[in-house]
Structure formats: C-alpha cells, structure tokens
There are 2 protein chains.
Amino acid sequence: SPSSEGGGDGDRLTDVRGSAKSVFMVSDGTGWTVEHSVNAALGQFEHCLVDRVCPVSTHLFSGIDDVDRMMEIIAQAAKEGAMVVYTLADPSIAEAARQACELWGVTSLDVLSPITEAIAAHLGVSPSGLPRWAPGRNSSLGEEYFRRIEAIEFTIKQDDGALPQNLHKADLVLAGVSRTGKTPLSIYLAQKGYRVANVPIVMNVDLPKALFEVDPEKVFALTINPIVLQTIRRARAKSLGFDDTVRSNYSEMEYVKEELEFASKIFQQNPIWPVIEVTAKAIEETAAIVLRLYHDRKNRCSMPRISKRY
Amino acid sequence: SPSSEGGGDGDRLTDVRGSAKSVFMVSDGTGWTVEHSVNAALGQFEHCLVDRVCPVSTHLFSGIDDVDRMMEIIAQAAKEGAMVVYTLADPSIAEAARQACELWGVTSLDVLSPITEAIAAHLGVSPSGLPRWAPGRNSSLGEEYFRRIEAIEFTIKQDDGALPQNLHKADLVLAGVSRTGKTPLSIYLAQKGYRVANVPIVMNVDLPKALFEVDPEKVFALTINPIVLQTIRRARAKSLGFDDTVRSNYSEMEYVKEELEFASKIFQQNPIWPVIEVTAKAIEETAAIVLRLYHDRKNRCSMPRISKRY
Ligand SMILES: Nc1ncnc2c1ncn2[C@@H]1O[C@H](COP(=O)(O)O)[C@@H](O)[C@H]1O
Ligand SMILES: Nc1ncnc2c1ncn2[C@@H]1O[C@H](COP(=O)(O)O)[C@@H](O)[C@H]1O
Ligand SMILES: [Mg+2]
Ligand SMILES: [Mg+2]
C-alpha cells in the first residue's frame, strides 16, 4: 500500500530514489486524473510492491501546458530512467510528447486522448483541445459545484451525532459504533455531493428518536470484525492519550464485542437498514457499496447503475 | 458543468434519457477510476455540453467481476446506443468485453489495460490480473491509510479557526475571509493525507497569535474577486436565513471590499505566505496549486514535482 511523502519530509526520498523505478505523471491541469489512473494500475502490482520488493516512486508534474516544459520533463525522465504517463488536452503537445518519448526511448502513455477520441466518435463532436486552465475556457462553476460545497459543510456540522434534529435533511445517514469509519466515509460521500449525517452507537446509550423517524431507506448500518476493531481502538486510545481506565472500557475485547452486539440488535430491529461490513475495506470501497445500494433503491430500474446528466 | 443525480431523485432522468447520448462506465471495483477519466474527457466537450446542446448521461456500474454480468451490460448498451468504458483487471474478462462490443457494434474503451501494460513493461513484472475485491488479494490497510483518516479527523476539528493552539500541528494552514472556500479546500487536502487548519479573517478582528508563530512556509493566503465574493455571500446569507441587518454587513459591496483589503494588508505583512486567487477555480484546482507550492518549497529540487514512494 502506498506510502505518501504527503505531509512528511520530501528529503526522505532522495537517498532511495536510485533504487526505485520512477513513473512521471504529467498534466496540463491538476494531475489528479493521471494520478488516479496510475494508482489504480499500481494495484495490479501489489504482489511486487509489498515490502518494497520492487519499489516504485511516482512524480507528479501539474500545470504543464507548453511544449518546452514538457520536453524538459521528458529529458529528465530519460536521464532518470523513468516512464511518462500524461494527460495533455492540446493534441499537438500530446503528439510532440509521444514523439519525443519514442525518440529518447522513454516508455510513455497518453491516458487522455484515447478516451477523448472514443467519446468524440460516440457524440459526433470534436474535442475542444483546450486544457483546464486555457484562457479561452469559461469555467463557470455551476449549481452542482455549490451544491457539493454545501454538502461538505452540512456533513461536517452533523459529524458524530451533532444536530440530530437535522437528520431529516440528510441524503444519507450512517450508524455504527466508534471507529467503524463513519467520519471519513461521510466526508468522502459529501465530496460527491451527498449531505451525510452520522450517528454513533454507544453501548446502552439511547439513539436519537429522529433516527427512527427518517426514511429508513437512507440509513446505512456499519459493522466490523471485533478483533480488527479492538486493534484500531487500541491505536486510537494511545494516540488520544486515554488513561488506562477509559482505555479498558473502550478497547477491551469483552466491551468491544458487547458493543457490537448492542449495535447488531438495533440493526435487527431495523431490517430495512443494509448492514455493511467495513472490515479491511478502504473508505472509497465502502462508499461505492453505499452509493450502489442507495441508487438501486432510488431507481428500482432493471439494471443497477448510478446515473448523471451532463 | 455536470448535474448529478446524486442526492436527487433518480426519476428525473427517465423522461429525458432518450435524447441524451449515454456513456456506460463499468468496473470490477468501485468505478471511481473510470468515472474520473470520463469526467476529465468530458471537459473536452464543454462547448457542446453547455446548455445541454448535446446532452450526455453517464451510468456507472461497479463491482462487475464476471463475464455474464459484463455481457448483460454490453447488451443493454447496444440496446440504448451507449458506449462502454471499462476497467477490468482480469485480462480474459477485459478481452471478452472488447470482443463483445466489437461484435455488437458498441463503441468501447479499456482504460485500465494500456496503463497496466505500460507499467508492466517498465517494471519488468507481470500484473496480477486480480481485481480490487478478488478473494486472493490481501488488502491490508497500511499506515498510510490510517494517517489519512487521522488527517481528516484533525482537519474537521480545526475547521473555522477552532483550536488555534493546534496550528503548529498542521501540515498546511489556510487563511482567508469568509466564502473563499477554506473548508472544502481543507477537506480536499485532508483526504490526500495532509493535516489542514484554516483561519478565518474577519474585518477588524485580531488573528490568533499562533498564526504568526508557525512556520510561515506552510501558510497559504486565499483571495477572491470582490464581485464574485459578494454574489457567493448573498446566496449564502439567503440560504442561512440571515436577517437584513446581518446580511448587509456580510454581503454589501462596501463591506466585502473593505474586508478583502483588510486581509490583503495582513498578507502584505507576511510576504512569505503565497496569495492564491481562487476566483472561478474549482476546489481541486486550488488544491493542486497549494500542493505544488508546498512541495516545491519542501524539496527545493531543480524540477518541481510531488513525489511518493510505493
Ligand atoms: N473542465 C475541463 N475542461 C477542459 N479540460 C479539462 C477539464 N477538466 C480536466 N480537463 C483536462 O483533463 C485532463 C486531466 O485533468 P486534471 O485531472 O486536472 O489533470 C487534463 O488534460 C485537463 O486539461
Ligand atoms: N488495490 C487494488 N488491487 C487490485 N486492483 C485494483 C486495486 N485498486 C484498483 N484496482 C483495479 O483498478 C481498476 C479501477 O478500480 P476502481 O477505481 O475501484 O474502479 C479496477 O479494475 C480495479 O480492480
Ligand atoms: Mg491528469
Ligand atoms: Mg473504475
């Protein structure tokens, strides 16, 4: 699994760069698309990435919208023995990049043109060739954009059971014991435009009445393996500096199991709530499952899908 | 710009589906990768999507990991005149999909195999062919995974100037007046693993001392065009139900301009803080700019890039 240089010290990298194979990711925009594609593909090499048997490092170059800078990056890739994966909206720059990589023996891949061309053929319309930040583009941030921001703000305010009186305004409600990932899952879904509320389940504590008054088809129950939950809670208690008495109640196996059973009984009394097992699932995986169920119920069409209009 | 069926009613779609060109997006995993790629490519057709001159609808099918269900979807695509874009880790299923689309005259594109094959050639290692949810895969959620969750929780707690005593623990600090997008930007960056704090600037209100005591290289100032800010604030005041006196102070042009000038003076007194213009930028665009500056400063290497190790 990836180890980011994210918040850390960029220098950690320099001493090992020599041994790792490099992937240069280049975009005329943010670079998030090419990064997402490369990450998905790296999932196919986990057997070799694990324990850094064959270490890989990725390098993201964003906002590269002229040929000269692109050529510098390709030259650097040739020097470092890196491959180059890119999204460049301007077809002449993309083509120049392809030729330069070929000339200098750099493995390369254009991840934008094939899909742009396939969509162009399907729509019968030519692509603009204008990158995200081209001066000609009018990037009006529409209604949808403000709806997503509003959803994020709503979701933050409802976090951890705050404001149960607003549960009826949520699109999705998540219920589960502490450390089932309700908060990061809520935030992930909020960024996709859903107003999410989450309700913590705590042993022998009554749940807010509002939870049983909202449309039960929008409520999702989260559950997790007790051993995994205990491990996560122990780490959590340590990082929060809980003292031993609090900790034992929170992360002792006896308590963890009883609390999960307490939750489980509530779920049984509300059989419409789907119970989602989150053990060993990444947030984006649980999110995919929640949204699939949610849309299947909303659409009730023959073939389950999540649809959007552009 | 995209109009999601997200939190809305799935039925809104049915009455217009006939007129829109459909793109089926299929994955054996979550589908987020193929969705991201299609969204980026649709950016190349904004001239035609605008005002729904040529309406497009996307349909996401996730968790499709057997040939039979894939064939059903392709048959449905043929019926609806849709194109099919897919990520399927199992090469035999991907190949079967390709052939079926060809046979039935469905425009199709495999967005995973080309990048997987290019990386395989670069690393000299064969891809596993195992999808995200294959039983054989051990999906241990590593250190990095928990670090990201911790970053999200940290960021939510610091939102809107809460806990200034924790500013020194943040990787990134954002400062700006109300409605410059500090909260959604903080959350976006948190999901990438950064601990973010944001500090609101309010006219004639002293900023927390801690802001001037932290490493100034991690502080980013946000600014925005006053006319755009006024429009956003007016909408905000309306949705919060502010009464007229509060509203006038918050969204009157005089006040908006003075508050931006007040902020601007603070920024001038702290010249190390980069000032980022957020007008007409999407959150992910501002995030890309913040992270590029942040990493350039950290690495101080000849060629600006954001690097990660796998
Ligand atoms: N709204 C948009 N309009 C035009 N091009 C876009 C848009 N969004 C993304 N792109 C292009 O899609 C590719 C990926 O974008 P990004 O994820 O920002 O790197 C880049 O080549 C961008 O120029
Ligand atoms: N960690 C992973 N291990 C194996 N395959 C993955 C992983 N992450 C993503 N993939 C594959 O990459 C493609 C895109 O994933 P997704 O974004 O979940 O649709 C799918 O074909 C997944 O099976
Ligand atoms: Mg990109
Ligand atoms: Mg996908």
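Residues numbered from 1 in each chain as written. Chains lettered and ligands numbered in written order. Predicted model: local features only at pLDDT ≥ 70, side-chain atom pairs only at ≥ 80, totals over all residues. Heavy atoms only, no water.

Novice: When you look at the overall build of chain A in this model, what are you seeing that I'm missing?
Specialist: Within chain A one finds 12 helices and 10 strands. Across its three principal axes, chain A shows a C-alpha extent of roughly 70 × 50 × 35 Å. For chain A, the residues scored as buried account for 56% of the 310 residues in total. The long-range share in chain A, meaning contacts at least 24 apart out of those at least 6 apart in sequence, stands at 72%. Element-wise, carbon and sulfur atoms account for 53% of the exposed surface of chain A, whose accessible area totals about 13300 Å². Taken as two groups, the 34 positive and 40 negative side-chain charges of chain A have centres that lie 5 Å from each other. (Helix = DSSP H or I, 4+ residues; strand = E, 2+ residues; numbered from the N terminus. Buried < 20%, exposed > 50% of the residue type's maximum accessible area, 1.4 Å probe, protein only. Contact = heavy atoms within 4.5 Å. Areas by Shrake-Rupley, 256 points an atom, 1.4 Å probe, with all protein chains shown as cover. Lys, Arg positive; Asp, Glu negative; His and termini not counted. Charge placed at Lys NZ, Arg CZ, Asp CG, Glu CD.)

Novice: Help me understand the environment of phenylalanine 262 of chain A, please; the structure alone is not making it clear to me.
Specialist: The residue phenylalanine 262 of chain A is located in helix H11 (residues 253-269) in this model. On the basis of relative accessibility, which here comes to 21%, the residue phenylalanine 262 of chain A falls in the partly exposed class.

Novice: Just checking my understanding: could you explain the interface of chain A and chain B for this structure?
Specialist: How large an interface is tends to be reported as the accessible area lost when its parts come together. Chain A puts 125 residues into the contact, and the matching count from chain B is 125 residues. Interface of chain A and chain B: buried area, both sides summed, is about 11500 Å²; carbon and sulfur atoms make up 57% of it. Sorting the residues of chain A by area buried against chain B places Trp32, Arg309 and Tyr310 of chain A first, and these three jointly supply 10% of that buried surface. As a salt-bridge pair, glutamate 80 of chain A and arginine 305 of chain B come within 2.8 Å of each other at their nearest N and O atoms. Viewed at the interface, chain B and chain A are joined by 50 residue pairs in polar contact (both at pLDDT 80 or more). Class assignment of the residues belonging to the side of chain A that touches chain B gives a composition of 59 nonpolar, 36 polar and 30 charged. Where strand E10 (residues 306-309) of chain A lies against strand E3 (residues 56-61) of chain B, four bridges are found, and the strand directions are antiparallel. Along E3 of chain B, the bridge assignment pairs arginine 309 of chain A with serine 57 of chain B. (Buried area = accessible area lost by both parts, 1.4 Å probe. Salt bridge = Lys/Arg side-chain N within 4 Å of Asp/Glu carboxyl O. Polar contact = N/O pair within 3.5 Å; in protein donor to acceptor, adjacent residues only side chain to side chain. Nonpolar A, V, L, I, M, F, W, Y, C, P; charged D, E, K, R; others polar. Pairing = 2+ DSSP bridges.)

Novice: Teacher, can you tell me more about the site of ligand 2 here?
Specialist: Residue and element names in this part refer to chain B. In the neighbourhood of ligand 2, 19 residues make up the surrounding shell, with Ser27, Asp28, Gly31, Thr33 and Arg132 lying closest. At 3.3 Å, a backbone N or O of threonine 87 approaches an oxygen atom of ligand 2. For ligand 2, whose free accessible area comes to 470 Å², the fraction covered by protein is 95%. (Near = heavy atom within 4 Å.)

Novice: Looking at this model, I keep getting lost on the sheet that holds strand E6 (residues 172-177) of chain B. Mind explaining?
Specialist: Within a sheet, each strand pairs with its neighbour through backbone hydrogen bonds, oriented either parallel or antiparallel. All names here are of chain B. The parallel open sheet is built from four strands, whose spatial order is E7-E6-E8-E9. In this open sheet, the two strands that pair with only one neighbour each are strand E7 (196-201) and strand E9 (275-277). Within the sheet, the average angular offset between the axes of one strand and its neighbour, ignoring direction, is 25°. Examined bridge by bridge, strand E8 (residues 219-223) and E9 share three bridges and lie parallel to one another. Each bridged residue has a counterpart across the sheet, and for leucine 222 the counterpart in E9 is isoleucine 276. Its contacts with the sheet put helix H7 (residues 182-191) on E6, E7 and E8, and the angle it makes with E7 is roughly 170°. (Axes fitted to C-alpha atoms, helices over the stretch in contact; angles between N-to-C directions.)

Novice: Got a minute to help me understand the relation of the copies chain A and chain B in this structure?
Specialist: Both copies of the chain are related through a single rotation about an axis accompanied by a shift along the same axis. The two copies are related by a screw motion: chain A maps onto chain B through a turn of 180° and a shift of 0.0 Å along the axis, at an RMSD of 0.0 Å. Both copies are brought into coincidence by an operation consistent with a two-fold rotation axis. Taking C-alpha positions as the reference, the residue of chain A nearest the rotation axis is isoleucine 156 of chain A, at 3.4 Å. Both copies contact each other with a shared surface, as 100% of the interface residues of chain A are interface residues in chain B too. (Least-squares fit on C-alpha atoms with pLDDT ≥ 70 in both.)

Novice: Explain the state of the cysteines to me, please; I cannot follow it from the model alone.
Specialist: In protein chemistry, a disulfide is the covalent bond that joins the sulfur atoms of two cysteines. Residue and element names in this part refer to chain A. A complete count under the given rule lists two disulfides over all chains for this structure. Bridging cysteine 48 to cysteine 54, the disulfide has an S-S length of 1.8 Å. Each of the two residues, cysteine 48 as well as cysteine 54, counts as buried. (Disulfide = S-S within 2.5 Å.)

Novice: Would you take a moment to explain the sheet that holds strand E9 (residues 275-277) of chain A for this structure?
Specialist: Residue and element names in this part refer to chain A. Across the sheet, four strands lie side by side as E7-E6-E8-E9; this open sheet has parallel pairing. Single-partner strands in this sheet number two, and they are strand E7 (196-201) and E9. Direction aside, neighbouring strands of the sheet carry axes that sit 25° apart on average.

Novice: Looking at this model, I keep getting lost on the packing of aromatic side chains. Mind explaining?
Specialist: Note on aromatic pairs: each is described by the distance of the centres and the angle between the planes. Applying the stated criterion to the full structure yields 12 aromatic pairs over all chains. Both rings, one in phenylalanine 24 of chain A and one in phenylalanine 61 of chain A, keep their centres 4.9 Å apart while their planes meet at 50°; by these two values the pair is tilted. Taken as a pair, phenylalanine 24 of chain A in strand E2 (residues 21-27) and phenylalanine 61 of chain A in strand E3 (residues 56-61) lie far apart in primary sequence, 37 residues in all. Judged by its relative accessible area of 0%, phenylalanine 24 of chain A falls in the buried class. Ring geometry for tyrosine 194 of chain B versus tyrosine 294 of chain B: centroids 6.0 Å apart, planes at 85°, classification edge-to-face. On the criterion of sequence distance, the pair formed by tyrosine 194 of chain B in the loop between H7 and E7 and tyrosine 294 of chain B in helix H12 (residues 283-299) is long-range, its members being 100 residues apart. The residues tyrosine 194 of chain B and tyrosine 294 of chain B share a single accessibility class, namely buried. (Phe/Tyr/Trp six-rings, centres within 6.5 Å; stacked < 30°, edge-to-face > 60°.)

Novice: Even after reading the chapter, I still don't get the site of ligand 1, so can you show me in this structure?
Specialist: In the vicinity of ligand 1, 19 residues are found, and the nearest of them are Ser27, Asp28, Gly31, Thr33 and Arg132 of chain A. The environment around ligand 1 is built from residues contributed by chains A and B. Contact distances for ligand 1 include 2.5 Å between an oxygen atom and a side-chain N or O atom of threonine 33 of chain A. At 3.1 Å, a side-chain N or O of glutamine 44 of chain B approaches a nitrogen atom of ligand 1. Burial of ligand 1 by the protein amounts to 95% of the accessible area it has alone, namely 480 Å². For the shell around ligand 1, the residue count by class is seven nonpolar, eight polar and four charged.

Novice: Hey, could you run me through helix H7 (residues 182-191) of chain A in this one?
Specialist: Because each turn of an α-helix spans 3.6 residues, side chains separated by three or four positions in sequence point in the same direction. All names here are of chain A. Taken across its 10 residues, H7 has 10 buried, putting it largely inside the fold. Within the span of H7, buried status applies to Lys182, Thr183, Pro184, Leu185, Ser186, Ile187, Tyr188, Leu189, Ala190 and Gln191. One or two positions beyond H7, positive phi appears at glycine 193, with a value near 105°.

Novice: Even after reading the chapter, I still don't get the packing of helix H5 (residues 113-123) of chain A against helix H1 (residues 32-42) of chain B, so can you show me in this structure?
Specialist: The description of two helices packed together rests on the angle between their axes and the distance between the axes. Contact geometry for H5 of chain A and H1 of chain B: axes closest at 9 Å, N-to-C directions at 65°. Here H1 of chain B runs roughly perpendicular to H5 of chain A, going by the angle between their axes. The element H5 of chain A and its partner H1 of chain B pack so that their crossing is right-handed. The segment H5 of chain A lies against H1 of chain B, with Ile115, Thr116 and Ile119 of chain A engaging Ser37, Val38, Ala41 and Leu42 of chain B. (Parallel < 35°, antiparallel > 145°, perpendicular 65-115°, else oblique. Left-handed = near helix turned anticlockwise from the far one by under 90°.)

Novice: What is the right way to read the pairing of E3 of chain B from this model?
Specialist: The two faces of a sheet get side chains in turn, since along a regular strand they alternate between them. Residues and elements named next belong to chain B. Within E3, six of the six residues are buried, leaving the element largely enclosed by the surrounding structure. Residues Val56, Thr58 and Leu60 point to one face of E3 and Ser57, His59 and Phe61 to the other, with burial holding for every one of them. Note that strand E2 (residues 21-27) and E3 share six bridges and pair parallel. Residue pairing for E3: phenylalanine 24 is matched across the bridge by histidine 59.

Read these as geometric descriptors, not functional statements.
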